[in-house]
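# Chains, contacts and geometry: an overview
Below are the chains, spelled out letter by letter.
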Amino acid sequence: MKKVESTLENIRDDIKKFYDYKVWHFITMNGVALDGERFEVQWIFSRYEAMDESVIYYTVTEYDKIIPSIEDIIPSSIISQREVVDMFGVKIDGSEAGLYLDADSLQMPLRGCGL
Amino acid sequence: MKESFSKAFQNLFKKPQTIDYPVTEIKKDKDYRGLIEYCEEECIYCLKCEKACPPGAILFVGVENPPKNEKNKKGLKYHYNPYLCIYCQECVRACPKPNEALWQSNKKPTIGVASDRVNDEWFELEAIKK
Amino acid sequence: MKKTIHIPLGSQHISLLEPVKFKFECENEKIIGVDSDVGFVHRGVERACTTKFKFDGVGYVVARVCGLCAITHSMTYTASIEKMLQTQIPLKAKYLRMLLLELDRIHSHMLCLSHVSENAGFEAIFMRIMGDRELIMEIQELITGNRVQFDFISIGGVNRDISSEHIKKVKEALKVVRSKVDGYIDEFTNNWSLSLKYKNIGVLSLDDAYRFNAIGPLARASGLKIDVRNEIDYLPYSEIGFEMQTSTGGDIHARNVVRLNEIVNSIQMCENILDALPEGEIQTKVKGKPDGEVLVRYEAPRGELAYYVKGGGKPMLDRVRIKTPTFASIPSFSHIFMGSQYADAPAILASFDPCLSCTAK
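Model, not experiment: these values are computed from the prediction.

All right, on to the environment of C69(C) then. Relative to the elements of secondary structure, C69(C) occurs in the loop between α2 (55-62) and α3 (70-84). Residues C69(C) and R321(C) lie 252 residues apart in sequence; the distance between their C-alpha atoms is 17 Å.

So, in structure tokens, the structure goes:
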């Protein structure tokens, strides 16, 4: 498992440069709560037909920053983006909330969870 | 194509695959997982089963008239909730005296109906434990 | 001006067992727009794993994510904890794990095939496959003691050994299932009325499979070579005769054929496992608390299952991320529906083998 750090401004360019859709398989987008204000956003990839070769692009950001969407680079990322929006109560360009949670559910269940 | 027609036709005259339960009993293997059983005399009160149980279906709670057992220094009594139990056998594996103090049978629990309030007593025990 | 109509499929529908809702925008019979809603049964498993249960109990919690592929969830989770604690488990435990994982794949694929034929209007095959699937369910119950939630895999190995008497029974049952599956392969390829409903319907091209990151039988039916069993080293799949099954059509028929061939391959693997079952322990003692982060993948019956686990040296984990196969396939599902006839939608949906309790975990 290789981890590559990036910033919120560069992440789109980094993934665009890195992602070749016939070589890399996009697994999912993920969030990990770090403390009350910050969390780590991850984009996880694995190489087709390779033995356990995965790459995680990540960036550490505050909850109130808007995270850029990579939907135009990887169309299948839309669903995991919507999950991150729901679970952490953050904003991602063009991803609406409400995939899992309703108005009367517990909101942002994973924010600050597991600390 | 012909074969599938003939098979479908043959099936009309076959016995049903399902069992006529409860008239016919369901076959039960001796290794099927069921209720956890406990022997008070053999227990050494190490509380390992209580810690190992993932859903917390075993509780040792202090009572006024504890079972007479020289190992039971804190006056605890074993409680087991069959409706919480997931039959994973984790407690039996944690037990220092498996098959003597604690073992898994292949018996089914009785059906818990909401009106019986099967868990009320259990919630009281959990409150005492906390 | 063109007029379109909106037709919902789900969340409760006669042909669906799962609570998923698709809103189709139709132009006469043709679907031109798809909107999906999958979050009807969200239970907050990921949160429960990090707030309510210690790491050694989480394996039993994640098994409850899904009823059909419960064992793949506990497998992937335990593998990630073992990777973090750098534990080597005994070879016999690995073989027994693979046996149950492959049996699980057989019965899950059989369930899917029966539903596809039911949704294509062929109820006789549905009944027959479900009846034969019972043989696999019975031997699973015999080996593990439980019918659905096996709770067979635990951190450090497996919970039960297999007796020689059981080995004999499993072999007999597998032989019967094998002969039945050969019959199904014939019927699914040659039956005229089934091919009307399956061939050239719900097509996903190879390029689209790459673009939408399709996984599992859905991707392999389009010719995309992705099978995680080929890409892992914590289970010795190469030793027991694993072969990746692919097809080229990308339609419902190709998916059925891939599943049927996988059943045949799985039966073969199970037989090889039983013939070459090594001697030895089935459990090792595991010490320590998980620290660090790992990503472990495994091929569930529906495709790639991924666990990202992060621990901080405490009994409680920091993060458990479960990426389930159906969840990741939703974008490709929506893409396949575009341009299809509305009347084919239930059969197409069943051919995806969706598992919504996995998706909404």
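Examined against the element boundaries, D29(B) turns out to sit in the loop between α1 (2-11) and β1 (36-38). The side chain of D29(B) is buried and forms no salt bridge, while K169(C), the nearest opposite charge, is found at 4.6 Å. A polar side-chain atom of D29(B) sits 3.0 Å from the main-chain amide nitrogen of D31(B). D29(B) has contacts with N106(B), L142(C) and H166(C), leaving out every residue within four places of it along the chain.

On to the interface of chain A and chain C, then. On the side of chain C, 43 residues touch chain A, which itself brings 44 residues to the contact. A combined buried area of about 3600 Å² lies between chain A and chain C, and 57% of that area is made up of carbon and sulfur atoms. Seen at the junction of chain A and chain C, the total is 4 salt bridges. Where R321(C) meets E83(A), a salt bridge forms, and the shortest distance between an N and an O atom there is 3.0 Å.

So, on to the nonpolar core. The biggest cluster of nonpolar side chains holds 124 residues, and the ones touching the most others in it are W43(A), F45(A), L99(C) and Y237(C). In this view, Y237(C) contacts M98(C), L101(C), E102(C), R105(C), R229(C), I232(C), F242(C), M269(C) and Y298(C); residues no more than four positions away in its chain are not counted. Grouped together as the second largest cluster of nonpolar side chains are 26 residues, L85(C), I155(C), V294(C) and C358(C) included.

This part takes up the packing of aromatic side chains. Applying the stated criterion across every chain yields a total of 25 aromatic pairs over all chains. Look at F9(B) and F13(B): their rings are 5.5 Å apart centre to centre, the planes differ by 75°, and that puts the pair in the edge-to-face class. Just as F9(B) is exposed, F13(B) falls in that class too. Seen in terms of ring centroids, Y38(B) and Y78(B) are 3.7 Å apart; in terms of plane orientation they differ by 15°. Their pairing is stacked. Taken together, the positions of Y38(B) in strand β1 and Y78(B) in strand β3 (residues 76-80) put the pair 40 residues apart, joining distant regions of the chain. The burial state of Y38(B) is the same as that of Y78(B); both residues are buried. Site record: aromatic cluster; members linked through ring pairs are F18(A), Y19(A), W24(A), F26(A), F45(A) and Y57(A). A cation sits over an aromatic face here: K3(A) above Y58(A), 4.4 Å from the ring centre. Positioned over the ring face of Y237(C) is R229(C), at 5.9 Å from the centre of the ring.

Residue and element names in this part refer to chain A. Across the sheet, which stays open at both edges, the 4 strands sit in the order β1-β4-β3-β2 with mixed pairing between neighbours. Lying at the two open borders of the sheet, with one neighbouring strand each, are β1 (2-5) and β2 (24-33). Across this sheet, the average inter-strand angle for adjacent strands is 25°, counted without regard to direction. Summarising the sheet, β2 and strand β3 (residues 38-47) pair through 9 bridges and their orientation is antiparallel. What sits directly across from G31, in β3, is V41. Against the sheet, helix α1 (residues 11-18) touches β2, β3 and β4 (54-62), its axis set at about 170° to β4.

Between chain B and chain C, the residue contacts involve 19 residues of the former and 25 residues of the latter. Interface area, chain B with chain C, both sides summed: about 1800 Å², of which 46% is carbon and sulfur. Where chain B touches chain C, the interface holds 0 salt bridges. Across the chain B-chain C interface, the total number found is 8 residue pairs in polar contact (both at pLDDT 80 or more). Broken down by secondary-structure element, the contributors of at least two residues to the side of chain B that touches chain C are α1 and α3 (90-94) of chain B. Here the element with the most residues in the side of chain B that touches chain C is α1(B); it accounts for 5 residues. A class-by-class count of the residues in the side of chain B that touches chain C yields 7 nonpolar, 5 polar and 7 charged.

Given a rise of 1.5 Å per residue, 27 residues ought to cover 39 Å, and the 39 Å separating the end C-alpha atoms of helix α6 (residues 164-190) of chain C matches this to within 8%. Listed in full, the buried residues belonging to α6(C) are H166(C), I167(C), V170(C), A173(C), L174(C), V177(C), V181(C), G183(C), Y184(C), E187(C) and F188(C). Turning to α6(C), the residues buried within the fold contact α1 of chain B together with α4 (91-119), α5 (123-144), α7 (192-198) and α10 (252-275) of chain C.

Our focus in this paragraph is the sheet that holds strand β7 (residues 303-312) of chain C. Residues and elements named next belong to chain C. Here 3 strands make up an open sheet; going across it, the order is β6-β7-β8 and the pairing antiparallel. Each edge of the sheet is formed by a strand with only one pairing partner; in this case those strands are β6 (291-300) and β8 (317-323). On average, adjacent strands in this sheet sit at an angle of 10° to one another, irrespective of strand direction. Examined bridge by bridge, β6 and β7 share 10 bridges and lie antiparallel to one another. Bridged to V294 within β7 is V309. In the packing of α3 onto the sheet, contacts are made with β6, β7 and β8, and the angle to β6 comes to roughly 145°.

All names here are of chain C. Summarising the element assignment, A79 is placed in helix α3. You can call A79 buried: its relative accessible area is 6%. Note: C-alpha distance between A79 and R297 (218 residues apart in sequence) is 9.0 Å. Setting aside residues up to four positions removed in sequence, A79 forms contacts with Y234 and V296.

Cut-offs applied
Residues numbered from 1 in each chain as written. Chains lettered and ligands numbered in written order. Predicted model: local features only at pLDDT ≥ 70, side-chain atom pairs only at ≥ 80, totals over all residues. Heavy atoms only, no water. Helix = DSSP H or I, 4+ residues; strand = E, 2+ residues; numbered from the N terminus. Buried < 20%, exposed > 50% of the residue type's maximum accessible area, 1.4 Å probe, protein only. Lys, Arg positive; Asp, Glu negative; His and termini not counted. Salt bridge = Lys/Arg side-chain N within 4 Å of Asp/Glu carboxyl O. Polar contact = N/O pair within 3.5 Å; in protein donor to acceptor, adjacent residues only side chain to side chain. Contact = heavy atoms within 4.5 Å. Buried area = accessible area lost by both parts, 1.4 Å probe. Core = buried A, V, L, I, M, F, W, Y, C linked by side-chain atoms within 4.5 Å. Phe/Tyr/Trp six-rings, centres within 6.5 Å; stacked < 30°, edge-to-face > 60°. Lys NZ or Arg CZ within 6 Å of the ring centre and 35° of its normal. Pairing = 2+ DSSP bridges. Axes fitted to C-alpha atoms, helices over the stretch in contact; angles between N-to-C directions. Nonpolar A, V, L, I, M, F, W, Y, C, P; charged D, E, K, R; others polar. Expected span 1.5 Å × (residues − 1).

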